[in-house]
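Descriptive structure summary
What follows is each chain in one-letter form.
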Amino acid sequence: KMSEGERKPIPAIPKEAQVIAGILRDLGINDYDPGVLTQMLEFSYRYITNVLEDAKLYSNHARKRAIDSEDIKLAVQMLTEQTVTSPPTRDVLLDLANTRNNTQLPLVRPGVGLRLPP
């Protein structure tokens, strides 16, 4: 048995996992599977790696010696455009609605359904 002054040893978790756990706690998320931290670590590592690799390509293409913030911003923007779908613009929706509404509905067969006045 442990005395009052002793604490249970806390299993060592990486600093990054502690940060993610802190973010979850700040968001009020306290009940989650321990594998969630691992998945979030893997996702963040993969995302950051992709951003930095792309930023390096952009920097090399511009013949710069080092990656700068503009390369990072461009890499994030390009990655976001590839993975996140934005809704269509209002004009696109209006054109689609006009096209759809120009198609005449089929006539109702006699004796089928509720008859409405012309």
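Position labels on residues start from 1 in each chain and follow its written sequence. Thresholds applied to this predicted model are a pLDDT of at least 70 for local features of residues and 80 or more for the giving and counting of side-chain atom pairs; totals over whole chains, interfaces and linings are not thresholded and use all residues. With hydrogens and water stripped out, all remaining heavy atoms of the structure feed into the side-chain values.

This next bit is on the confidence of the model for the chain. Here the chain averages 87 in pLDDT, and 91% of its residues register 70 or above. The predictor reports its confidence for every residue as pLDDT, a score running from 0 up to 100. Strands here are runs of E lasting at least two residues and helices are runs of H or I lasting at least four, both read from the DSSP assignment and numbered beginning at the N terminus. Across the chain, element-level confidence peaks in helix α2 (residues 35–61) with a mean pLDDT of 95 and bottoms out in helix α3 (residues 69–83) with 92.

Moving on to α3. Between its first and last C-alpha, α3 extends 21 Å over 15 residues, near the 21 Å set by a 1.5 Å rise per residue. Where α3 is concerned, the buried positions are D71, A75 and L79. Across the axial projection of α3, the buried residues extend over an arc of 65°, all falling on one side. When the buried face of α3 is taken as reference, the exposed residues oriented beyond 90 degrees from it are K73 and E81. Note on definitions: a residue-residue contact is assigned when non-hydrogen atoms from the two residues lie within 4.5 Å. Elements in contact with the buried residues of α3: α2. Expected span of a helix: the number of residues minus one, times 1.5 Å. Buried means the residue's accessible area, taken with a 1.4 Å probe over protein chains only, is under 20% of the maximum for its type, while exposed means over 50%, and partly exposed covers the values in between. This arc describes the spread of directions from the helix axis toward the C-beta atoms.

This next bit is on the side chain of D71. One can find D71 in helix α3. Owing to a relative accessible area of 4%, D71 belongs among the buried residues under this scheme. Apart from the residues lying within four places of it in its own chain, the contact partners of D71 are A55, Y58, S59, K64 and A66.

To continue, consider the pattern of salt bridges. When a carboxyl oxygen of Asp or Glu lies within 4 Å of a side-chain nitrogen of Lys or Arg, that pair is called a salt bridge. Counted according to the given criterion, the structure contains three salt bridges. Where D68 meets K64, a salt bridge forms, and the shortest distance between an N and an O atom there is 3.1 Å. Judged by its relative accessible area of 30%, D68 falls in the partly exposed class. Note on K64: relative accessible area 28%, which makes it partly exposed. D71 serves as the salt-bridge partner of K64, at 2.9 Å between the closest nitrogen and oxygen. Residues joined in a network through salt bridges with shared partners are K64, D68 and D71.

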